[in-house]
Amino acid sequence: MKTTLFYFSGTGNCLKLSRDLAKELKDASIVFIPDAINSDIKISSECIGIIFPVYCFGAPLIVTEFINKLKLDKEKYVFVIATYGGWAGSAIAQLEKQFKNKGIMLSAGYGFVMPGNYTPFYGAIPTDKQNKMFDREINKIKKIAPLIKERKISKLEKNLPFIDFSVTRLFKEIIVPRLHNEDKGFWVDSRCNGCGVCVKVCPVNNIELRDGKPVWLHKCEQCFACLQWCPQEALQCGKNTPGRKRYRNPEVALQDFTE
Ligand SMILES: Cc1cc2nc3c(=O)[nH]c(=O)nc-3n(C[C@H](O)[C@H](O)[C@H](O)COP(=O)(O)O)c2cc1C
């Protein structure tokens, strides 16, 4: 394969986008970052893509940890794609800087607005609005795939630097490093029947069942897969999620997250 797409995803937007891009590129393989992070990552592909959801205006901790571990030659063509619900903050600039510190130039960085999945703040948006986003996603994939195939060096899609130095910096430097512990906000209501789906979908094995109920182990990536995939909608976070509409990308299945 000429291209390897490494992705992280809790509710499927990044997985769906990775699949769409792989289809256009034709010679790409897709690798889930949690499956690769603890192995000796040998990359023979000449082109590497990192596809990730924006969390708190930055990249998820597991994504930055993965990039830290990556051993890449300078000749590789590297690009990133951020999916986000409304404001990507400085996520792309953050990864540009991280790669630069490793002596690697980021050749392209694209942002895709996709349905948001942060249920403590909002429920899933209506299906018609989601579908418009998915159509835009497909169109943009068709535009960027030829650029990636040509190994084109493009201007990174990122926010203005002054934004980076204000709000987003606060999030990146103060809130994001604490995210592993933020699973203390999760709980289950009386509908929890101990089915264990939350245990299976957690990409970092952060949940176990004790006395038939989930317990979180404080290495959370905050992907919200546990909450979004709970078949009973019994899994909650804080006080605002009961009754809020859950979100999962309609093109992905539970098996995609459990196999
Ligand atoms: C913990 C958390 C934090 C998030 N922070 C942001 C954010 O700062 N800006 C934004 O636009 N979207 C934010 N989102 C929304 C996701 O980036 C977006 O829904 C993404 O497409 C989800 O990808 P996935 O379906 O592959 O997991 C956040 C979601 C979560 C779960």
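A. Representation of the overall build of the protein. Per the secondary structure count, the protein includes ten helices and nine strands. Its C-alpha radius of gyration of 18 Å places the protein within 12% of the 18 Å reference for a compact globule of 259 residues. By its C-alpha atoms, the protein is 55 × 35 × 35 Å across when sized along the principal axes. Burial statistics for the protein: of 259 residues in total, 53% are counted as buried.

B. Fine view of the packing of helix 1 (residues 13–25) against helix 5 (residues 127–149). Between helix 1 and helix 5, the least distance of the axes is 9 Å, while the angle of their chain directions is 45°. Here helix 1 lies oblique to helix 5, going by the angle between them. For the pair helix 1 and helix 5, the crossing hand works out as right-handed. Between helix 1 and helix 5, the residues in contact are Asn-13, Lys-16, Leu-17, Asp-20, Leu-21, Glu-24 and Leu-25 and Phe-134, Glu-137, Ile-138, Ile-141, Lys-142, Ala-145, Ile-148 and Lys-149, respectively. Its residues assigned to classes, the contact of helix 1 with helix 5 shows eight nonpolar, one polar and six charged.

C. Just the domain arrangement of the protein, in detail. Domain boundaries assigned for the protein yield domain 1 (3–164) and domain 2 (179–258). Summing both partners gives a buried area of about 2300 Å² for domain 1 against domain 2, and 62% of it is carried by carbon and sulfur. In terms of surface lost to domain 2, no three residues of domain 1 exceed Thr-11, Thr-119 and Pro-120, which account for 24% of the buried area on that side. Counting across the domain 1 and domain 2 interface gives one salt bridge. Salt-bridge contacts for Asp-256 lead to Arg-19; the nearest nitrogen and oxygen are separated by 2.8 Å. The interface formed by domain 1 and domain 2 contains twelve residue pairs in polar contact (both at pLDDT 80 or more).

D. Representation of the environment of Ser-90 in the model. As for its position among the elements, Ser-90 is in the loop between strand 4 (77–84) and helix 4 (91–101). The class of Ser-90 is buried, set by a relative accessible area of 4%. For the pair Ser-90 and Gly-58, spaced 32 residues apart in sequence, the C-alpha separation works out to 5.9 Å.

Parameters at a glance
- Residues numbered from 1 in each chain as written.
- Predicted model: local features only at pLDDT ≥ 70, side-chain atom pairs only at ≥ 80, totals over all residues.
- Heavy atoms only, no water.
- Helix = DSSP H or I, 4+ residues; strand = E, 2+ residues; numbered from the N terminus.
- Rg over C-alpha atoms; globule rule 2.2 N^0.38 Å.
- Buried < 20%, exposed > 50% of the residue type's maximum accessible area, 1.4 Å probe, protein only.
- Axes fitted to C-alpha atoms, helices over the stretch in contact; angles between N-to-C directions.
- Parallel < 35°, antiparallel > 145°, perpendicular 65-115°, else oblique.
- Left-handed = near helix turned anticlockwise from the far one by under 90°.
- Contact = heavy atoms within 4.5 Å.
- Nonpolar A, V, L, I, M, F, W, Y, C, P; charged D, E, K, R; others polar.
- Domains from an automatic or database assignment.
- Buried area = accessible area lost by both parts, 1.4 Å probe.
- Salt bridge = Lys/Arg side-chain N within 4 Å of Asp/Glu carboxyl O.
- Polar contact = N/O pair within 3.5 Å; in protein donor to acceptor, adjacent residues only side chain to side chain.

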